[in-house]
Amino acid sequence: MQKKLNKIAKDTNLFLNEFIKKQKKSELIIAMKYGLFPGGKKIRSKILIDVGSLFQLNYKSLIIIGSAVECIHAYSLIHDDLPCMDNDFVRRGKPSAHIKYGESTAVLAGNSLLTLAFEILSHKDLKITDKKKLDLINKISSSSGHLGVAGGQYLDLSFEHKKVSKKEIIEMEIKKTGKLFSFCCVAPLILKNKTKKEIRNFEEIGSDIGLLFQVADDLIDFRGNSSIAGKKTGKDKKRGKATLISLLGYENTIKYANKLIFKINSKLKKYGPKSKNLSETLDYILNRNK
Ligand code: GRG
């Protein structure tokens with residue numbers, strides 16, 4: 001699993017480096033690259049490749065689409081660490097972008113990573129039809145905006161120190177984290193011209209994978225090993241964050257996560273042995289420690 005992740009990370013970083021190199025220089029690119037490289041686990045790209053392998057899709061196209069997702073993900077992390085959001089000083093084992101370059105540069109680097117994602121998806125290097133490019137851009141935009149990541153982040157901040165229901169926590173976590181995973185699950189089906197029904201099915205699988213990922217992230221914060229996690233842990237409790245752990249407790253949250261894995265695997269059964277890669281990634285997501 002780690003070997004596969006390393007290869008995806010290497011290919012993604014290679015593509016992003018080349019893409020940026022071909023652009024004109026700017027001072028902002030330094031902070032953008034700081035947020036992008038060496039980068040994190042590339043788990044979203046792995047999900048893209050795993051779903052793509054169910055439909056025999058071209059690896060290079062998936063790496064390009066994954067690179068766009070990683071730009072939006074890096075942007076969300078830079079903004080998440082800002083003083084007006086979670087005010088975190090460490091990310092991926094190094095000072096957060098706003099600590100290294102100042103707040104305004106971090107905001108602008110984040111914004112530019114968002115638009116870089118659209119530049120990548122609309123670029124000629126991605127050898128798919130314009131209609132498919134448009135569909136991908138439409139989907140990644142709605143996944144990132146007020147009904148997706150940004151909306152989820154808003155809920156996350158507004159739930160701090162409040163009594164929130166399980167349903168509300170799940171809605172917040174699906175928006176904040178699940179929507180980008182949903183995009184990764186749906187993009188291969190857009191490339192393959194799959195039916196709306198099948199797309200909806202993979203949208204739900206993606207939401208559940210994202211929810212599983214967020215729950216695992218909350219468990220990492222709860223267990224609290226910041227040197228392995230590469231960021232400060234034990235923060236959620238201090239900040240009064242609404243998480244499933246705060247509502248259900250540690251053991252029940254683990255049970256909930258295992259039920260999610262069972263639910264996702266049941267939906268993947270009809271794809272037979274080809275779904276092994278994705279199932280393997282689900283186990284990695286829950287058992288990881290960073
Ligand atoms: C609209 C994209 C966008 C952002 C603006 C700040 C913000 C609104 C949203 C924050 C969303 C956020 C940080 C969600 C948490 C998701 C999460 C668990 C991130 C950690 O992902 P990993 O572990 O990170 O994949 P690495 O470092 O491995 O890439």
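Overview of the structure. (Residues numbered from 1 in each chain as written. Predicted model: local features only at pLDDT ≥ 70, side-chain atom pairs only at ≥ 80, totals over all residues. Heavy atoms only, no water.)

Right, let's get into a nonpolar patch on the surface. Side chains of Phe89, Val90 and Ile99 sit close together on the surface and give an oily, nonpolar patch of about 270 Å² of accessible area. By secondary structure assignment, the location of phenylalanine 89 is in the loop between α4 (59-80) and β1 (90-91). (Patch = residues over 30% accessible without salt bridge, like charges linked within 9 Å, V, L, I, M, F, W, Y side chains within 5 Å. Areas by Shrake-Rupley, 256 points an atom, 1.4 Å probe, with all protein chains shown as cover. Salt bridge = Lys/Arg side-chain N within 4 Å of Asp/Glu carboxyl O. Helix = DSSP H or I, 4+ residues; strand = E, 2+ residues; numbered from the N terminus.)

Looking at the ligand, there are 21 residues lining it, with Lys41, Arg44, His73, Arg92 and Ser144 nearest. At a separation of 2.7 Å, an oxygen atom of the ligand approaches a polar side-chain atom of arginine 44. Those elements that place two or more of their residues in the shell around the ligand are α3 (43-54), α4, α8 (149-158), α9 (166-191) and α10 (196-223). Per-element accounting of the shell around the ligand gives the leading share, seven residues, to α4. The residue makeup of the shell around the ligand, split by class, is seven nonpolar, eight polar and six charged. (Near = heavy atom within 4 Å. Polar contact = N/O pair within 3.5 Å; in protein donor to acceptor, adjacent residues only side chain to side chain. Nonpolar A, V, L, I, M, F, W, Y, C, P; charged D, E, K, R; others polar.)

Following the sequence through the fold, asparagine 287 ends up in helix α15 (residues 276-287). A C-alpha to C-alpha distance of 24 Å links asparagine 287 and threonine 12, two positions 275 residues apart in sequence. A polar atom in the side chain of asparagine 287 sits 3.0 Å from the backbone oxygen of aspartate 283.

Summed over the entire model, instances satisfying the criterion amount to seven aromatic pairs. Where phenylalanine 15 meets phenylalanine 19, the ring centres are 5.7 Å apart and the plane angle is 35 degrees; that geometry is what we call tilted. With phenylalanine 15 and phenylalanine 19 both in helix α1 (residues 2-21), this residue pair falls four residues apart, about one helical turn. Each member of the pair, phenylalanine 15 as well as phenylalanine 19, is classed as buried. Seen from their ring centres, phenylalanine 202 and tyrosine 271 are 5.6 Å apart, and the 65 degrees between their planes marks the pair as edge-to-face. With phenylalanine 202 in helix α10 and tyrosine 271 in the loop between α14 (250-268) and α15, the pair connects residues that are 69 residues apart, well separated along the chain. Tyrosine 271 carries the same exposure label as phenylalanine 202, and that label is buried. Three or more aromatic residues joined by ring pairs form one cluster here, namely Phe55, Phe202 and Tyr271. Residue placement shows lysine 94 over the ring face of tyrosine 34; its charged tip is 3.9 Å from the ring centre. Above the plane of the ring of phenylalanine 213 lies arginine 288, whose end atom (NZ or CZ) is 3.9 Å from the centre. (Phe/Tyr/Trp six-rings, centres within 6.5 Å; stacked < 30°, edge-to-face > 60°. Buried < 20%, exposed > 50% of the residue type's maximum accessible area, 1.4 Å probe, protein only. Lys NZ or Arg CZ within 6 Å of the ring centre and 35° of its normal.)

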